[in-house]
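Fold and contact review
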Amino acid sequence: MLFDYNVVLDSLPLYFSGVLVTLKLLLIALAFGLLAAVPLGLMRVSKQPLINFPAWLYTYVIRGTPMLVQLYLLYYGLAQFEAVRESFLWPYLSNATFCACLAFAINTSAYSAEILAGSLKATPHGEIEAAKAMGMSRFKLYRRILLPSALRRALPQYSNEVIMMLHTTSLASVVTLIDITGAAKTVNSQYYLPFEAYITAGVFYLCLTFILVRLFKLAERRWLAYLAPRKA
């Protein structure tokens, strides 16, 4: 038999459990990553060097180093310091789920911040002038005009980041978490059938990617309709 379907069927509960872990990691990372990306993106478009430079340095370092290295440094690297092991943070930093979510959130916050900054810089000048003509303060301008407009226009680019983060969660298996890839590793170690194990994992990732793409297409159709060319 070229492909053992019985192994795949017997392992489906493990894969579905891995899907839940993958989605948990993805949603937590995206939520906290986006929360950090908004102020970082605003800092990146500031003309003040003392505000812009720290955000630029953060995004440059995070985007310039591999995600796997960042994850290893958080989960394995910090453990070598006695001060960390004796601190109140150790119960969290010794937890694989916490470290994975933290590493993924840090990583996606840097990419999302640059996406948001680019979208803010691309805001049509007419929108800004109209808001100023209405007497809006700088805070109200960002809250009611710039940020909502930039977030909507950033949807296509952000959808790519979300899909990349979905695939990045596969690295969680290196810190002992049983996500989809971790489930594949477990199946392979039990049956020595890498073809069945990893093709099944690939199918699960493909299905999740398809769902995310469709959801973002629906969001773009709703919130970016005003940018679509008008029909003659």
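Each value, and the rule that gives it
Residues numbered from 1 in each chain as written. Predicted model: local features only at pLDDT ≥ 70, side-chain atom pairs only at ≥ 80, totals over all residues. Heavy atoms only, no water. Helix = DSSP H or I, 4+ residues; strand = E, 2+ residues; numbered from the N terminus. Buried < 20%, exposed > 50% of the residue type's maximum accessible area, 1.4 Å probe, protein only. Polar contact = N/O pair within 3.5 Å; in protein donor to acceptor, adjacent residues only side chain to side chain. Contact = heavy atoms within 4.5 Å. Phe/Tyr/Trp six-rings, centres within 6.5 Å; stacked < 30°, edge-to-face > 60°. Bend = angle between axes of the 7 residues up to and from the residue. Axes fitted to C-alpha atoms, helices over the stretch in contact; angles between N-to-C directions. Parallel < 35°, antiparallel > 145°, perpendicular 65-115°, else oblique. Left-handed = near helix turned anticlockwise from the far one by under 90°. Nonpolar A, V, L, I, M, F, W, Y, C, P; charged D, E, K, R; others polar. Core = buried A, V, L, I, M, F, W, Y, C linked by side-chain atoms within 4.5 Å.

Description of the side chain of Thr 168
Position of Thr 168 relative to the elements: it lies in helix H9 (residues 155-168). For Thr 168, a relative accessible area of 15% corresponds to the buried category. Here the side chain of Thr 168 touches Met 164 through a polar contact of 2.7 Å, landing on its backbone oxygen. Those residues in contact with Thr 168, other than ones at most four positions away along the chain, are Met 67 and Phe 104.

Some details on the packing of aromatic side chains
According to the stated counting rule, one finds 10 aromatic pairs in the structure shown. Note on Phe 3 and Tyr 5: the rings are 4.9 Å apart at their centroids and 50° apart in plane angle, and the pair reads as tilted. Ring pairs connect the aromatic residues Phe 3, Tyr 5 and Phe 195, which therefore count as one cluster.

Concerning helix H8 (residues 138-153)
It helps to recall that an α-helix has 3.6 residues per turn; residues three or four apart then point in one direction. Where H8 bends most, at Leu 146, the angle is about 35°, and the proline Pro 148 comes one to four residues later. Inspection of H8 places Leu 141, Tyr 142, Leu 146, Leu 147, Ser 149, Ala 150 and Arg 153 among the buried residues, and these make up the whole buried set. Elements in contact with the buried residues of H8: helix H1 (5-44), helix H6 (96-121), helix H7 (125-133) and H9.

Here's the deal with the packing of helix H2 (residues 49-64) against H6
Between H2 and H6, the shortest axis-to-axis distance is 9 Å and the interhelical angle comes to 120°. Classified by the angle between their axes, H2 and H6 sit oblique to one another. With respect to the hand of their crossing, H2 and H6 are arranged in left-handed fashion. Between H2, through Tyr 58, Thr 59, Ile 62 and Arg 63, and H6, the contact on the second element is made entirely by Ile 106, Asn 107, Ser 109, Ala 110, Tyr 111, Ala 113 and Glu 114. Across the contact of H2 with H6, the residue classes break down as six nonpolar, three polar and two charged.

Regarding the nonpolar core
Counting 40 residues, the largest nonpolar core has Tyr 15, Leu 25, Phe 104, Leu 177 and Ile 180 as the members making the most contacts within it. Of all elements in the fold, only H1, helix H3 (67-77), H6, H9, helix H10 (180-191) and helix H11 (194-223) reach the threshold of two or more residues within this core. A total of eight residues in this core trace back to one element, the largest contributor, which is H11. For Ile 180, the residues in contact, after removing those within four places along its chain, are Tyr 15, Gly 18, Val 19, Thr 22, Ala 201, Phe 204, Tyr 205 and Leu 208. The next biggest cluster of nonpolar side chains, apart from the first, holds nine residues, and it includes Leu 120, Leu 141, Tyr 142 and Ala 150.

As for the environment of Leu 34
As for its position among the elements, Leu 34 is in helix H1. Given a relative accessible area of 34%, Leu 34 falls into the partly exposed group.

A look at the packing of H8 against H9
Axis separation between H8 and H9 bottoms out at 5 Å; the angle between their running directions is 60°. Our classification of the angle between H8 and H9 gives oblique. Residue-level contacts link Leu 151, Arg 152 and Arg 153 of H8 to Leu 155, Pro 156 and Gln 157 of H9. Classifying every residue of the contact of H8 with H9 by side-chain character gives three nonpolar, one polar and two charged.

Remember, this is a structural readout, not a statement about activity or role.
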